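# Architecture and fold: a report
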Amino acid sequence: MTGPYPPGYPITRKLFDWINRASVADRRVNEVLLDVVNMKMHPSILRSPRFLASVGRALLPTAVHR
């Protein structure tokens, strides 16, 4: 890409990185991500508090899940 990145790009990139990593660890996160990629669900679901909480839980160390 030439020129400056759009505002908010670094945050969006980091968030998508977290979602990708969480999709490996959590089946539900993976299903929602694939539904968005395959256009079965609207991308706004990726910003919902419930989905973001699932992402956060999936990225926590396993000792915290107990």
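Residues numbered from 1 in each chain as written. Predicted model: local features only at pLDDT ≥ 70, side-chain atom pairs only at ≥ 80, totals over all residues. Heavy atoms only, no water.

On to unusual backbone geometry. The backbone phi angle of M39 is positive, close to 60°, even though this residue is not glycine. Its location among the elements puts M39 in the loop between α2 (27–37) and α3 (49–59). Taking the relative accessible area as the measure of exposure, M39 reaches 75% and is therefore exposed. (Helix = DSSP H or I, 4+ residues; strand = E, 2+ residues; numbered from the N terminus. Buried < 20%, exposed > 50% of the residue type's maximum accessible area, 1.4 Å probe, protein only.)

We now examine the environment of R27. Of note, R27 is situated in helix α2. Separated by 31 residues in the primary sequence, R27 and A58 place their C-alpha atoms 9.4 Å from one another. There is a polar contact of 2.9 Å between the side chain of R27 and the side chain of E31. (Polar contact = N/O pair within 3.5 Å; in protein donor to acceptor, adjacent residues only side chain to side chain.)

For the rest of this paragraph, the subject is the confidence of the model for the protein. When pLDDT is low, close inspection of the predicted coordinates is not appropriate. Counting all residues, the mean pLDDT for the protein is 91, and 91% of those residues have values of 70 or more. At the level of individual helices and strands, the protein shows its lowest average pLDDT in helix α1 (residues 9–25), which scores 94, and its highest in α2, which scores 97. (pLDDT = per-residue confidence, 0-100.)

What follows covers α1. When the terminal C-alpha atoms of α1 are compared, their 25 Å separation across 17 residues agrees well with the 24 Å that a helix rising 1.5 Å per residue should span. Of all the positions in α1, only I19, A22 and S23 are classed as buried. Buried residues along α1 cover an arc of 105° about the axis, so they all sit on one side. With respect to the buried face of α1, the exposed residues turned more than 90 degrees away are P10, R13, V24 and A25. On its buried face, α1 is in contact with α2 and α3. (Expected span 1.5 Å × (residues − 1). Arc of directions from axis to C-beta. Contact = heavy atoms within 4.5 Å.)

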